[in-house]
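Observations on chain architecture
Each chain is listed here by its residues.
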Amino acid sequence: MQVKTKEAINSSKLSELVAQGMVEKKASDVVVMDLREVKNAVADYFIICSGNSDTQIDAIADSIEDEVFKHSTQNPWKREGKDSREWIIIDYVDVVAHVFNKEKRKFYGLEELWGDAKVTEIDKAN
């Protein structure tokens, strides 16, 4: 019997899986920032979303990890913010997921900070 292993995925596919994990838990304002053409960028993609409650923010973060693992058996390199649930970062090195409560997202303004990035808004209807 031959066991089929899951292949490593590129950062573009990984960013799609992260966004899908966000949408699965009804995250709002999901944005994919393509940083590949931005000088001195720390990753290929930032995927940002907002949650409406601590519970939803936690569920979104779990959904991201589940979705990525299901399709690639890849775990995050690092996670931060699970305790406070105001801003959870899930770092896959080339792809970084940011799950914010709305106030923190507005305060930090990552979309403005990386203004040179190509930004794609994800429509939940997809």
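Residues numbered from 1 in each chain as written. Predicted model: local features only at pLDDT ≥ 70, side-chain atom pairs only at ≥ 80, totals over all residues. Heavy atoms only, no water.

1. So, the overall build of the chain
- Across its full length, the chain carries 4 helices and 6 strands.
- Seen in sequence order, the chain has helices and strands lined up from the N terminus as α-β-β-α-β-β-β-α-α-β.
- Relative to the globule expectation of 14 Å for 126 residues, the C-alpha radius of gyration of the chain, 14 Å, shows essentially globular dimensions.
- Expressed as lengths along the three principal axes of its C-alpha atoms, the size of the chain is roughly 55 × 35 × 30 Å. (Helix = DSSP H or I, 4+ residues; strand = E, 2+ residues; numbered from the N terminus. Rg over C-alpha atoms; globule rule 2.2 N^0.38 Å.)

2. Things to note about the pairing of strand S2 (residues 45–51)
- Among the 7 residues that make up S2, 7 are buried, leaving the element largely enclosed by the rest of the structure.
- Of the two faces of S2, the one carrying Tyr 45, Ile 47, Cys 49 and Gly 51 and the one carrying Phe 46, Ile 48 and Ser 50 are both buried.
- The sheet contact formed by strand S1 (residues 28–34) and S2 spans 5 bridges and is antiparallel. Residue pairing for S2: Asp 34 is matched across the bridge by Tyr 45.
- Strand direction decides the pairing type here: S2 and strand S5 (residues 95–101), joined by 7 bridges, are parallel. Paired with Ile 48 across the bridge in S5 is His 98. (Buried < 20%, exposed > 50% of the residue type's maximum accessible area, 1.4 Å probe, protein only. Pairing = 2+ DSSP bridges.)

3. Comments concerning the sheet that holds S5
- Taken together, 6 strands build an open sheet; the order of strands is S3-S4-S5-S2-S1-S6 and the sheet is mixed. Each end of this open sheet is capped by a strand with a single partner; those strands are strand S3 (78–80) and strand S6 (118–121). On average, adjacent strands in this sheet sit at an angle of 15 degrees to one another, irrespective of strand direction.
- Helix H1 (residues 11–24) rests against S1, S2 and S5 of the sheet, and its axis sits at about 0 degrees to S2. (Axes fitted to C-alpha atoms, helices over the stretch in contact; angles between N-to-C directions. Contact = heavy atoms within 4.5 Å.)

4. So, unusual backbone geometry
- The phi angle at Asp 29 is positive, at roughly 50 degrees, despite the residue not being glycine.
- Topologically, Asp 29 is positioned in strand S1.
- Residue classification places Asp 29 among the partly exposed residues on the basis of a relative accessible area of 48%.
- Despite not being glycine, Asn 40 shows a phi value in the positive range, around 65 degrees.
- With respect to the element layout, Asn 40 can be found in the loop between S1 and S2.
- Asn 40 sits in the exposed class, given a relative accessible area of 64%.

5. Focus: the side chain of Ser 50
- Structurally, Ser 50 is set in strand S2.
- Within the structure, Ser 50 has its side chain in polar contact with the side chain of Arg 105 (distance 3.0 Å).
- Discounting chain neighbours no more than four positions away, the residues touching Ser 50 are Ala 27, Ser 28, Asp 29, Ile 60, Phe 100, Lys 102 and Arg 105. (Polar contact = N/O pair within 3.5 Å; in protein donor to acceptor, adjacent residues only side chain to side chain.)

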